[in-house]
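Residues per chain are reported as follows:
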Number of protein chains: 4
Amino acid sequence: MIIVMGSREQRDVDNVVSKVEQLGYKAHVILGVERTVVAAVGDERDKQRLTALESLPYVEQVVPILKPFKLAGREVKSESSVVECGSAKIGGKHFGVVAGPCSVESREQINETAAICKQYGAHMLRGGAYKPRTSPYSFQGLEEEGLKLLKEAGQANGLPVVTEVITPDNVPLVASYADMLQIGARNMQNYGLLKAVGKVKNPVFLKRGMAATIQELLMCAEYILSEGNPNVILCERGIRTFETETRNTLDIQAVPVLKKYTHLPVVIDPSHSTGHWDLVTPMACAAVAAGADGIMVEVHPRPAEAFSDGPQSLKPDNFADLMKRIKPLVEIMGKVL
Amino acid sequence: MIIVMGSREQRDVDNVVSKVEQLGYKAHVILGVERTVVAAVGDERDKQRLTALESLPYVEQVVPILKPFKLAGREVKSESSVVECGSAKIGGKHFGVVAGPCSVESREQINETAAICKQYGAHMLRGGAYKPRTSPYSFQGLEEEGLKLLKEAGQANGLPVVTEVITPDNVPLVASYADMLQIGARNMQNYGLLKAVGKVKNPVFLKRGMAATIQELLMCAEYILSEGNPNVILCERGIRTFETETRNTLDIQAVPVLKKYTHLPVVIDPSHSTGHWDLVTPMACAAVAAGADGIMVEVHPRPAEAFSDGPQSLKPDNFADLMKRIKPLVEIMGKVL
Amino acid sequence: MIIVMGSREQRDVDNVVSKVEQLGYKAHVILGVERTVVAAVGDERDKQRLTALESLPYVEQVVPILKPFKLAGREVKSESSVVECGSAKIGGKHFGVVAGPCSVESREQINETAAICKQYGAHMLRGGAYKPRTSPYSFQGLEEEGLKLLKEAGQANGLPVVTEVITPDNVPLVASYADMLQIGARNMQNYGLLKAVGKVKNPVFLKRGMAATIQELLMCAEYILSEGNPNVILCERGIRTFETETRNTLDIQAVPVLKKYTHLPVVIDPSHSTGHWDLVTPMACAAVAAGADGIMVEVHPRPAEAFSDGPQSLKPDNFADLMKRIKPLVEIMGKVL
Amino acid sequence: MIIVMGSREQRDVDNVVSKVEQLGYKAHVILGVERTVVAAVGDERDKQRLTALESLPYVEQVVPILKPFKLAGREVKSESSVVECGSAKIGGKHFGVVAGPCSVESREQINETAAICKQYGAHMLRGGAYKPRTSPYSFQGLEEEGLKLLKEAGQANGLPVVTEVITPDNVPLVASYADMLQIGARNMQNYGLLKAVGKVKNPVFLKRGMAATIQELLMCAEYILSEGNPNVILCERGIRTFETETRNTLDIQAVPVLKKYTHLPVVIDPSHSTGHWDLVTPMACAAVAAGADGIMVEVHPRPAEAFSDGPQSLKPDNFADLMKRIKPLVEIMGKVL
């Protein structure tokens, strides 16, 4: 931490030095031309409480120096992690494709979609059973029945399945059906939920919140990792900005930033970022070239009849085209599809 | 819903008309100079599924016309609601002040703060027992012990208490200690939690998420109201923007926008919006003049020693000054402090 | 500047120290537990070039400590500035109201509006003659004819006038008609224009850009001040965010932040921030209570017929009501209307 | 335009119909279940003035249906445009690489950089002579001397040159040295400048503003096109969001959105979007895969000594690596490097 003094009075500087030392750090005072600065030396990740010094009238600001994550960081584990989930591998050399409908709507719909996904090369099947919807009057998902249908469709087609879990007490139930647990964007900072999925054995697919910084995403992964679950996949799915042509703004730059900081796999969801089916494939291609470890895309046999997210769902032939177009790009990136 | 056609082919228009009618609405076709438009007439709030028509290649966009909230809206209840919580009233003529520390840290700290808040005129005491913290390594709150200390301090000083609840299964416990339940910004769209607080009798203090639109905030209130709990207070506490001089950007315009749309009380939290104690009082004054029904502010006897949110906490004399400065403004607005 | 090292090799640290010294600063090395930091001591405002050290692979980041503005800052001039423009004063004890139409449309329209503005207590008349419009097919203003009509209406009603200037070579012409020159939000960082208005005697009304930080706004004022023109008024008129209920998001927190950093007057424009006439008066009241030195509002005799900005223009009786409502608030703030 | 009524009174509806007809459009009234809607039929691009109806108390909102651009749109010209500039072609099958330093600093520096750019395959040389800098105390460019040095270096190495022009009256001078004129992000809505570059023969490189929507960018191109200059290249260079790990957020989704709407070439600038040299190459690759027509990147022989933008400048070997990595991607996309 660097504490920038607003005052140059010796008494005020002494006061800050004394508070820094009380909290167990060494203080170095640097007299600048216009500002005096106090550097607090020690393990910064526990130094959160030093920020409270900003409440002193003679302190201008407190500037952190270190990144606050540990277990998610490359300093702890330099090689890239590969998350395995049944037959699927995501990370390292393995480019993973997760596909399926927004919601499980019926046995026919999920079976039909699963077969399409398998046919064109997806590695995992997605499908929502518990749907966090903006309106209480919208379709809320088939719940446990949806979990059963999803599992059944996955097994029939040889695809491990991932589905969203939205409350901590529901984690055991969902974990008994699903191979991988998804934390949705709206729940990224639902810490009770993060702790709960940190305690099960299923890998976790963690989506970045719409207004979350890259650092906050990594701190949420840290919650899961610190509970003992090492299998976390990070997913960038668009952040909220002023642009209204698309549902969200895909922060593609998050891919190389995350790959620099963390060993965890990074996946892009171009369906939620764009909100429009005709923008999904170009963004899937961009994701591959940016260095992502996989994509998650929404596929529906008849999007115009979808209960949710119809506008952004790919028809079967669109999905086939997407897979054909990303294949040579994945190879150029030195990965396996 | 207004469906803007990308195509002018009769066949495509017929197709859209037929799908609109299948979903139970009437379709009006308007031939414009450059675009054909299909208006779907019927109760729009159930028309969510019409948006899926955007997935048709010959549909350019689907534009909703109605606001999606019902129970929260002034069309259902035109007079402003007053939420009562023990001795406190917020809404209508009643300007409410909720004050207290970010976290309950100890019996001494919460008792000392409660006495200060009472002395200078607060109507309710706040204090966190379960803390959603960005880092798993930061102080996470005293949990049930904190609830007990908060209740004790409130009762000793004649102040009803409000505290945050972060998981659905914890709602009964927190509701047994706290007079009002707070939903934090990070949990605004934690729908399981919203449904759970919709089922208890305690009033709910609902904070706007950092990236949530005004309409999404109202839809979250709608979740609580539709479960049967009519006592919801909305709180604007700053949204996330590019500006870094302050912790968040206070969307003060949300006050008159919300007052236009909803009968629910609207409260401003200038502590979290600014992130700096010396900006809190000017923003509390602005909140009053903008027409807010109350404020929530953080007060700590010794901010530099606070376990959390020290930089934005008011010292006792700052809080006394805030109360003195808002008093004449509240009166000019025709309200009672 | 604080240079955070990515490497702990002595050779790399020596290299940075040597580059810091070559640029004329003293270097202090602090060995932290996990990072080594080099503090560069000297006049930071010329230290921009030190940021280039971030391009070295062994440097993690370069963190500036000082604010980059000088002449605009309270460190150079601690008392608040009062900008005088004919009979109008804005700043210090003087709360200024600038009112008028978006565009000068005709002699009748501007004369009628000027009389209304004067009648209800405005101090200055606004009106655009050169309009920066999003579309080249929209009304672009009456140009010099508009300037003449504006001046005439101002003089007839005893109101100094302010109007926007959009190109550097037009500054002398506009300055010959207008008492004050406005720099619009889209031109805030049009540095050629800033330099040009810095060279005339007319006071300057500088609007914050839609995506400009508070610090960037102050740096633009610095451009004008450093050319020799000390009379600059800063105007917050809304920034661009994800919220779509309003045209822009009013950053009301910018008022106390700016008042802390700068001696220049700070004015709020609630017409452009809200985009809706019925939100303007509550925001004008909030501006007063937040400590602003004035407001700029759009007034039109018949908004539904306005050539531009109709939705956000006040009708005469709305403007009368606004003036009546802000009066007691201005007095409570210890200012004169 | 769709006018959504707030009132259902016949008198109010009649009033709106009458105003719509007065402005020369046909009005269609649709009685919905909860709202009455008036559709105004006619050429919408001149209908801007209809938005003023939102100022009527009985009108809830006015919703535009058509995109406001004409000449920039694919409806006017469906095939993709190729912009030629000396030996360089950008657009269609031609993927263009524009490289060079942020600023022209000296004859040696620009000559050395030009040779590097040529050697590794750039098609055009960039270099700033007039620099729009945030601080008036920062290096402002070598001005005309810089233009001369840039032209000389371009000619010596067989590279057409592009440089920024910042004031309208400077356009003829800059156009006499430079092959292509750049409009910087801060000047995107400097309409006087847009009109000036619309009148010369040089192609224009138009950068998107930091807070500009995709539609606003197209309207700025429309300004240039409507003055008679058909050679405009659009450049996405990052928008401003809350994320601070990168200088800006690259809106990569703008590429397919723009390609859908416009025939003009679309180029990505990964140097300004990222702000960090080590993120530039992954983003250049993503740009190719997303369907962009080219990239603009900053290259400097010794970034740590750069007068401006050092942190984001590529060293020669980094640029060589970038070119090597994009080559196979460009080929897969069916284009020529």
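Values in this document were obtained by computation on a predicted structure and should not be read as measured data. (Residues numbered from 1 in each chain as written. Chains lettered and ligands numbered in written order. Predicted model: local features only at pLDDT ≥ 70, side-chain atom pairs only at ≥ 80, totals over all residues.)

(A) Main features of the sheet that holds strand S12 (residues 232-236) of chain A. All names here are of chain A. With respect to topology, eight strands assemble into a closed barrel ordered S7-S8-S9-S10-S11-S12-S13-S14, the strand pairing being parallel. Adjacent strand axes in the sheet meet at a mean angle of 25 degrees, parallel and antiparallel pairs treated alike. When strand S7 (residues 96-100) meets strand S14 (residues 294-298), the two strands line up parallel, connected through five bridges. Counterpart to glycine 96 in the pairing with S14 is glycine 294. Lying over the sheet, helix H3 (residues 144-157) contacts strand S8 (124-126) and strand S9 (161-164), oriented at roughly 160 degrees with respect to S9. (Pairing = 2+ DSSP bridges. Helix = DSSP H or I, 4+ residues; strand = E, 2+ residues; numbered from the N terminus. Axes fitted to C-alpha atoms, helices over the stretch in contact; angles between N-to-C directions. Contact = placed C-beta atoms within 7 Å.)

(B) Spotlight on the interface of chain C and chain A. Contacts between the two partners involve 20 residues from chain C and, on the opposite side, 20 residues from chain A. Taken together, the elements giving at least two residues each to the side of chain C that touches chain A come down to strand S1 (2-5), strand S2 (26-31) and strand S3 (36-41) of chain C. Residue composition of the side of chain C that touches chain A, grouped by class: 11 nonpolar, four polar and five charged. (Nonpolar A, V, L, I, M, F, W, Y, C, P; charged D, E, K, R; others polar.)

(C) The arrangement of the pairing of strand S9 (residues 161-164) of chain D in detail. All names here are of chain D. Side chains Val161 and Thr163 of S9 all project onto a buried face; the interleaved residues Val162 and Glu164 project onto the opposite face, where all are buried too. With two bridges connecting them, strand S8 (residues 124-126) and S9 associate as parallel partners. Bridging from a neighbouring strand, arginine 126 pairs with valine 162 of S9. One crossover worth recording links S8 to the parallel S9 by way of helix H3 (residues 144-157), and it is right-handed. As judged from the three bridges shared by S9 and strand S10 (residues 180-183), these two strands associate in the parallel manner. Note that in S10 the partner of valine 162 across the bridge is methionine 180. As for the winding sense of the linkage, the β-α-β connection from S9 through helix H4 (residues 171-177) to S10 is right-handed. (Buried ≥ 20, exposed ≤ 12 C-beta atoms within 10 Å, placed from the backbone. Right-handed = clockwise from strand over helix to strand, strands pointing away.)

(D) Main features of the interface of chain B and chain A. Contacts between the two partners involve 45 residues from chain B, matched on the other side by 45 residues from chain A. Listed by contribution, the elements that provide at least two residues to the side of chain B that touches chain A are helix H5 (191-197) and helix H6 (214-226) of chain B. For the side of chain B that touches chain A, the element with the highest residue contribution is H6(B), accounting for five residues. In terms of residue class, the side of chain B that touches chain A is made up of 20 nonpolar, 14 polar and 11 charged.

(E) Summary view of the relation of the copies chain C and chain A. If you rotate chain C by 180 degrees and push it 0.0 Å along the axis, it lands on chain A with an RMSD of 0.0 Å. In symmetry terms, the pair is related by a two-fold rotation axis. Across chain C, the rotation axis passes nearest the C-alpha of Phe242(C), at a separation of 2.2 Å. When the interface residues of chain C are mapped onto chain A, 100% of them again fall at the interface, so both copies present the same face. (Least-squares fit on C-alpha atoms with pLDDT ≥ 70 in both.)

(F) Representation of the nonpolar core in the model. Among the nonpolar cores identified, the biggest contains 388 residues, and Leu206(A), Leu206(B), Leu206(C) and Leu206(D) are the most heavily contacted of them. Every residue in contact with Leu206(C), bar those within four places of it in the chain, is listed here: Ile183(C), Met188(C), Cys220(C), Ala221(C), Ile224(C), Val232(C), Ile233(C), Leu234(C) and Cys235(C). (Core = buried A, V, L, I, M, F, W, Y, C linked by C-beta atoms within 7 Å.)

(G) Quick peek at the relation of the copies chain B and chain A. Under the fitted operation, chain B is carried onto chain A by 0.0 Å of movement along the axis and a turn of 180 degrees, and the coordinates agree to an RMSD of 0.0 Å. Both copies share a contact surface, since 100% of the interface residues of chain B are interface residues in chain A too.

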